[in-house]
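Letter by letter, the chains look like this.
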Amino acid sequence: MNTDKEKRTQLTFGEDVRRRSGVTEGTHHNIPVEFRTLSIHVTDSIHVPNDKSKNKEKELDDSEYFASMEFHKLTTEEVVQRFNTSDTVGLDTSAAENRLKRNGPNVLVQRKPNYVKKVLGYVFGGFCSVLWIGVITFFLCWMPLSTPPVSPGGSPSVVNLALAILVIIVIFLQASFSAFQDWSTSRVMNSILNLLPSECLVIRSGVPTKMTASNLVIGDVVQIKLGNKVPADLRLIQVSSDLKFDRAVLSGESEPVEGTISMTDENFLESKNIALMGTHVVNGSGLGVVVLTGNNTVMGRINKLTTAAKEKVTLIQQEISRFVRIIVCLTCVLVSILLIEWLAFLRPKHPDFQNVVALLMNLMGCVVAFIPEGMPVGVAMTMMMIARRMKQNNILPKALTTVETLGCVTVICSDKTGTLTQNKMFVTSIGFEDSECTPEECRDRMVQDKASPTAAAYKKLHLASLFCNNSTFDASTLNLPISDRLVNGDATDAAILRLSAELGNTEQVAKEFVRTFEIPFNSKNKWMLTMYQAAEDSKAMEKVYGGSGKQSLVFVKGAPDILLPKCTSVLSSATNTVKSLTAEVISRLNATQESWAGKGQRVLLLCSRFYLPSSALGSNELQDEIVRNAVQDLTVIGLVGIMDPPRPEILQTVADCRRSGSRFFMITGDFGLTAAAIARQIGIFTTTRDPDTYTDVTKSDAADEKFEGVTSLLLTGSDLLKFGDIEWDIVAKYEEIVFARTTPEQKLRIVKELQKRENVVAVTGDGVNDAPALKAADVGVAVVSGSDVAIEAADLVLLGGFDSITEAIRLGRLVFQNLQKVIGYLLPAGSWSEIWPVLVNAFAGTPLPLSSFLMIIICCFTDLFPCLALIMEREEFDLLSQKPRNPKRDHLINFKIYLQSYIFMGSMQTICSLSMFFLFMKEHTGLTWYDWVGTYSSGPWGPEDNQTWGWDSTGNPLTSDQFTTISFSGQCVTFVTLVILQWGNILSIRNRKLSILQADPIRPARRNLWLFVGMTCSLIVAIIVTEVPWIQNTLLTGSVPIKHWFLPFPLALGILMMDEIRKLLVRSFPNSIIAKLAW
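Residues numbered from 1 in each chain as written. Predicted model: local features only at pLDDT ≥ 70, side-chain atom pairs only at ≥ 80, totals over all residues. Heavy atoms only, no water.

Using the following cut-off: UniProt positions are given in the numbering used here, feature names are shortened, and annotations may be inferred rather than shown by experiment.
Looking at an unreviewed UniProt entry, one finds the protein named Cation-transporting P-type ATPase N-terminal domain-containing protein and attributed to Umbelopsis ramanniana AG. Under the heading Subcellular location (unreviewed entry), UniProt records this for the protein: "Cell membrane".

**Let's talk about the packing of helix 15 (residues 453-467) against helix 16 (residues 491-503)**
Worth spelling out the cut-off: Between N-to-C directions, angles span 0 to 180 degrees; the directions come from axes that are lines fitted to C-alpha atoms, helices contributing only their stretch in contact. Segments assigned H or I by DSSP are reported as helices when at least four residues long, segments assigned E as strands when at least two residues long, and all are numbered from the N terminus. Reported orientations rely on four angle classes, namely roughly parallel under 35 degrees, roughly antiparallel over 145, roughly perpendicular from 65 to 115, and oblique for the rest. Handedness of each helix crossing follows the sense of rotation of the near helix against the far helix: counterclockwise by less than a right angle gives left-handed, clockwise gives right-handed. Note on contacts: a residue pair qualifies if any of its non-hydrogen atoms lie within 4.5 Å across the two residues.
Direction vectors running N to C along helix 15 and helix 16 enclose 135°, while the axes themselves pass 8 Å from each other. Comparing the axis directions of helix 15 and helix 16 gives the class oblique. Here helix 15 and helix 16 pass one another in a crossing that is left-handed. Listed contacts from helix 16 to Leu461, His462, Ser465 and Leu466 of helix 15 are Ile496, Leu497, Leu499, Ser500 and Leu503.

**Quick look at the side chain of Asp644**
To be explicit about the condition: Under the scheme applied here, a residue whose accessible area is under 20% of the maximum for its type counts as buried, over 50% as exposed, and between as partly exposed, the area being computed with a 1.4 Å probe on protein chains only. For the purpose of charge, His is not counted, nor are the chain termini; Lys and Arg are scored as positive and Asp and Glu as negative. A side-chain nitrogen of Lys or Arg and a carboxyl oxygen of Asp or Glu constitute a salt bridge if their distance falls within 4 Å. Here a polar contact is taken to be a pair of N or O atoms separated by no more than 3.5 Å, where protein atoms must pair a possible hydrogen donor with a possible acceptor and residues adjacent in sequence count only if both atoms sit in side chains.
Along the chain, Asp644 turns up in the loop between strand 22 (634-643) and helix 22 (650-659). Although Asp644 is buried, it forms no salt bridge, and the closest oppositely charged side chain is Lys416 at an N-O distance of 5.0 Å. Here the side chain of Asp644 touches Thr421 through a polar contact of 2.6 Å, side chain to side chain. Here the side chain of Asp644 touches Lys424 through a polar contact of 3.2 Å, landing on its backbone nitrogen. Not counting the four nearest positions on each side in its chain, Asp644 is found in contact with Thr417, Gly418, Thr421, Gln422, Asn423, Lys424, Met425 and Ile678.

**So, helix 15**
The criterion, for reference: To estimate how far a helix should extend, the number of its residues minus one is multiplied by 1.5 Å.
The first and last C-alpha atoms of helix 15 sit 21 Å apart over 15 residues, in line with the 21 Å expected at 1.5 Å per residue. Burial of helix 15 is extensive: 12 of the 15 residues sit out of reach of the surface. Taken as a whole, helix 15 has its buried residues at Thr454, Ala455, Ala457, Tyr458, Lys460, Leu461, His462, Leu463, Ala464, Ser465, Leu466 and Phe467.

**Some details on the sheet that holds strand 27 (residues 779-783)**
Let me state the cut-off plainly: Note on pairing: two strands pair once DSSP finds at least 2 bridges between them.
Pairing is mixed in the open sheet, where eight strands are placed in the order 10-28-27-26-11-23-25-24. The sheet is open, and its two edges are formed by strand 10 (395-397) and strand 24 (712-716), each paired on a single side. Sheet twist, expressed as the average angle between the axes of neighbouring strands with direction ignored, equals 20°. Taken together, the four bridges between strand 26 (residues 761-765) and strand 27 define a ladder with parallel strand orientation. Bridged to Val763 within strand 27 is Gly780. Each of strand 10, strand 11 (411-415), strand 26 and strand 28 (796-798) touches helix 30 (residues 804-844); the most contacted strand, strand 10, lies at about 50° to it.

**Observations regarding the pairing of strand 21 (residues 602-611)**
The buried count for strand 21 comes to nine of 10 residues, which makes it a mostly enclosed element. Pairing of strand 18 (residues 552-558) with strand 21 involves seven bridges; the strand directions are antiparallel. In the sheet register, Val554 faces strand 21, and the bridge partner there is Arg609. Bridge count for strand 21 against strand 22 is seven bridges, and the pairing is antiparallel. When the sheet's bridge partners are listed, Leu605 is paired in strand 22 with Leu639.

**A closer look at the pairing of strand 23 (residues 663-667)**
When you tally the buried positions in strand 23, you get five out of five residues, the bulk of the element. By the alternation rule, side chains of strand 23 split into Arg663, Phe665 and Ile667 and Phe664 and Met666, which are all buried. Here strand 11 runs beside strand 23; their pairing, made up of five bridges, is parallel. Bridged to Ile412 within strand 23 is Phe664. Taken together, the two bridges between strand 23 and strand 25 (residues 736-740) define a ladder with parallel strand orientation. From the neighbouring strand, Met666 faces strand 25, where its bridge partner is Val738.

**A word on the sheet that holds strand 5 (residues 244-246)**
In any sheet, the strands associate via hydrogen bonds between backbone groups, in a parallel or an antiparallel arrangement. With antiparallel pairing, three strands are arranged side by side in an open sheet as 6-5-8. Of all the strands in the sheet, just strand 6 (257-258) and strand 8 (280-283) have a single pairing partner and so form its edges. For strand 5 and strand 8, the ladder comprises three bridges, and the chain directions are antiparallel. By the bridge assignment for strand 8, Phe245 is matched with Val281.

**Digging into the nonpolar core**
Keep this limit in mind: Definition of nonpolar core: a set of buried residues of the types Ala, Val, Leu, Ile, Met, Phe, Trp, Tyr and Cys, connected through side-chain atoms within 4.5 Å.
Judged by nonpolar contacts, the single largest core of 164 residues is most densely connected at Phe323, Met666, Ile684, Phe853 and Phe975. By residue number, the principal contributor to this core is helix 30, which donates 21 residues. For Phe975, the residues in contact, after removing those within four places along its chain, are Leu850, Leu854, Ile857, Ile858, Thr862, Ala1022, Val1025 and Thr1026. If you look at the next biggest cluster of nonpolar residues, it comprises 40 residues, including Phe467, Leu503, Ala540 and Tyr545.

**A few points about the environment of Gly278**
In this fold, Gly278 is placed in the loop between strand 7 (274-275) and strand 8. A C-alpha to C-alpha distance of 8.3 Å links Gly278 and Arg247, two positions 31 residues apart in sequence. Every residue in contact with Gly278, bar those within four places of it in the chain, is listed here: Lys229, Val230, Val249 and Met299.

**Notes on the packing of aromatic side chains**
The cut-off we apply is this: Whether two aromatic rings pair depends on their centres lying within 6.5 Å, for rings of Phe, Tyr and Trp, where Trp uses its six-membered ring; planes under 30 degrees apart make the pair stacked, over 60 edge-to-face, and the rest tilted. Consider the ring centre and the ring normal. A charge sits over the ring if Lys NZ or Arg CZ is within 6 Å of that centre and within 35 degrees of that normal.
Tallied over the entire structure, the rule returns 31 aromatic pairs. Pairing Phe353 with Tyr936 gives two aromatic rings, centres 5.8 Å apart and planes at 85°, and the pair type is edge-to-face. Within this pair, whereas Phe353 is found in the loop between helix 11 (315-349) and helix 12 (356-370), its partner Tyr936 is found in the loop between helix 34 (929-932) and helix 35 (960-989), the two being separated by 583 residues in sequence. Both residues of the pair, Phe353 and Tyr936, belong to the buried class. Note on Trp983 and Phe1049: the rings are 5.6 Å apart at their centroids and 70° apart in plane angle, and the pair reads as edge-to-face. Taken together, the residues span a long stretch of sequence, with Trp983 in helix 35 and Phe1049 in helix 39 (residues 1048-1068) at a distance of 66 residues. An aromatic cluster of at least three residues, connected via ring pairs, comprises Phe917, Phe918, Trp929, Trp932, Trp941, Trp949 and Phe963. Across from the ring centre of Phe426, 5.0 Å away, lies the NZ or CZ of Arg498, which sits over that ring. In this structure, Lys722 packs its charged tip against the face of Tyr694, placed 4.7 Å from the ring centre.

**Here's the deal with unusual backbone geometry**
Going from Met143 to Pro144, the amide bond is cis rather than trans, its omega being 20°. When you line up the elements, Pro144 lands in the loop between helix 7 (128-142) and helix 8 (158-192). Following Gly939, the chain continues to Pro940 via a peptide bond in cis, the omega torsion being -5°. Note that Pro940 resides in the loop between helix 34 and helix 35. One non-glycine residue, Leu1036, adopts positive backbone phi at about 60°. Residue position: Leu1036 is located in the loop between helix 37 (1029-1035) and helix 38 (1043-1046). Taking relative accessible area as the criterion, Leu1036 reaches 29% and is therefore assigned partly exposed.

This is the structure we're talking about:
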């Protein structure tokens, strides 16, 4: 019976939502440009009824979804009845289980990767798509193209089969690296994501039960108290008088929100009888009925927008894709040239030189030669190494490809609270009617001059800060420094409690004051009141404050503009006496308040008085009496200025970001005056004059001369609503900007507008309200202490201090620099020098100087090991002093790198390696270049009446098999030469401008001993490939004479010296054509 009733309840609610909105719920857009601040647009939806005349159904957007909610409008009894639950018994276990099965667990949806698509991307993406063509071709050349009937008398070619298998291994090696890279990142991310509070206290079948929050269902009755994280959207049905929630994670507002049981606003999101999932209880306790779970909650709906958005294509992914396209296009051009040459020239005129199998082998040799197969592995390893360094610096990149984007950032848009500031409130100023001091000065005076009147006045403020307070230190953190202790209570009380602890130990005196009554702070009164009586036989109250033992001491704390009219006297800190509150004193206090507010401080007034209540303690009449009589004729003790101070490292961090060429903007929900004050403290505003405002922007022109210097701008969210493209063009030119009183939608718009004007934008934040902007930014940076949705939306997570962002920028630039070096190292031998043997064979008609197998070994093994050593390179110069890379101009691979790798280094290596091949062949066959060139013959060579395969060292003629064996060894000579020549290349490529004498790999400054490990590994691979008999027989390699192992060393040194001369010319003549062409 209950189950049927539950079903009817759920269906009725669902139908009611659809009926009121005239829509059905469907899928949701990615984060749209028109993303609305939910609260504003829910209100709009409430006041603007839907057009029910429209028959066409449309998607239910978030504002309509929450506008249709009525839970906050129901009475407690109606809520309990609606969800078929009980405020004392809760749900019974069987009903809860049924609801859990029907509605699913209370969890936020996470992006589910498409593993099939991922695997296909790993195996067929990038160069692999072309390599698979090579695999198919090698298999075809193995059989049937090498066997009858296609090739009469032929047999399966084992070499081609081995090459096909080798290329498959290379493909899966690349895919494995890419998969491991993604897996390692996701594994670390899963360890820090805590999407829901782990446990909550639920009343089930009348018994309070601790359970995992994911098992909560609609209708559950949940108990919440100080320190809890709200596990779902709750309709409050019982609250303590001091219940407060911190909604900063959703709204960005730092002021706690009270909890009530009655509706305070027609807007579901604004009504104080709704506790929203993910918010924190900072005071009091309460009982609530779960009305929304998982993705249906406010946090769930926002999270759904961020997880539904398409994955961004990072700048480095764009660069790598661009490089792949260029290489593939060049490969296709070369293949086309070779195919046309075969069809137009070789086939009709020299049919015996290349049959179809030989042609296909040549074409695949061209593909294998020109594609640097080791590059994807080198890129993946470079990314992983930089990510490892980032983790050592407390930076977690969620996707390794986002690492480099930070190096291109031109604008950093940062949230204030919790990112630029400590997210802890501290008292920074203390004021009396006749003096001001810092908390440190106040403490020192009380310690060093205890008997003075000033110390006695300070003591009154000290005890008032302790007693007019509802916060307490967490017992588990009492051994920590005061500033690091956790505080149970709201942020304002926490700041004043820290002040009390800093001013001195009050443990003994606190026992002599007994609290008899209190009125917690609320938005209606805007003050807090506590009342004390002296403990039995205690004279402490009389000693400090005077008065008689029968009277109670009342403390009141609140906003000066509210409390000053209720004050009639003031304490003088100079004489520790109370005097009349004159207009002159009020003027001084107001001036102090305005001065502090201009520095970003929140000002509170501490007052006291003695009062003898006529109503009995604990009676209902007492509160009315206190409000009516006791909050009058107060004495001003003093003022305290509270603020969330900047993080200690933030001033230097902002300066370093500026030095790196990035503009640093603040986006906050705070008031403009407060935001500007913080901006000055942390160096965002550096000029002494007042910042420009909306009026200045509307009067300016983008070509205005004032933009030639440092310009500051302060805008509010309401200003942005009036801007068009012309105004945004002007705004984008300012060097220093603070955006105040902004909504999540406006944060998103700021990011979009800056991106439209060719800025690479990084956004830092920690709240759910930051998530849309984090997702839309080129790089989203979240703080690990921030909300789960913000972490999910971000690309990087800062695990430590905010200053690590500058290290992230430096490492982002280092990864780009090292990737250029990796590619610059791979191209000369792994691409350029490998293609020329194919071209020489096809166009000059000579024997093939380098086999496809050896080309693959160079690309994927002998080049790879030294290449991995390059990723360990440190920065050559201060990367933070360089301008950000312009993604549209400064490409990973550009004309200068092609010039360096192909024309300069590649040509030297090509000439040397081919010369070594023909030298070896002359020594062992007696035949020279001139005997082969233009013959387009597979042998023998020479005049028709005296053709030969060459002669051995004794002068005896060689047979065809002997010549073939020698040619295999000759190909291995080319291979060994290229392997060793690359050693000279790697020693030169590691420095762009510095000489090896200035930055050698031995001395500590630029030490990189891994280079020698990489060289040794490449040498070992070369020895195995050329000397192991099984490889010689299967893959047609041959032994290399010892002389040809040593001859390449002086050639490698020569290559290094040639590049040293080039660098010397670049340094000596920076304006020369050589310097302008230098990479």
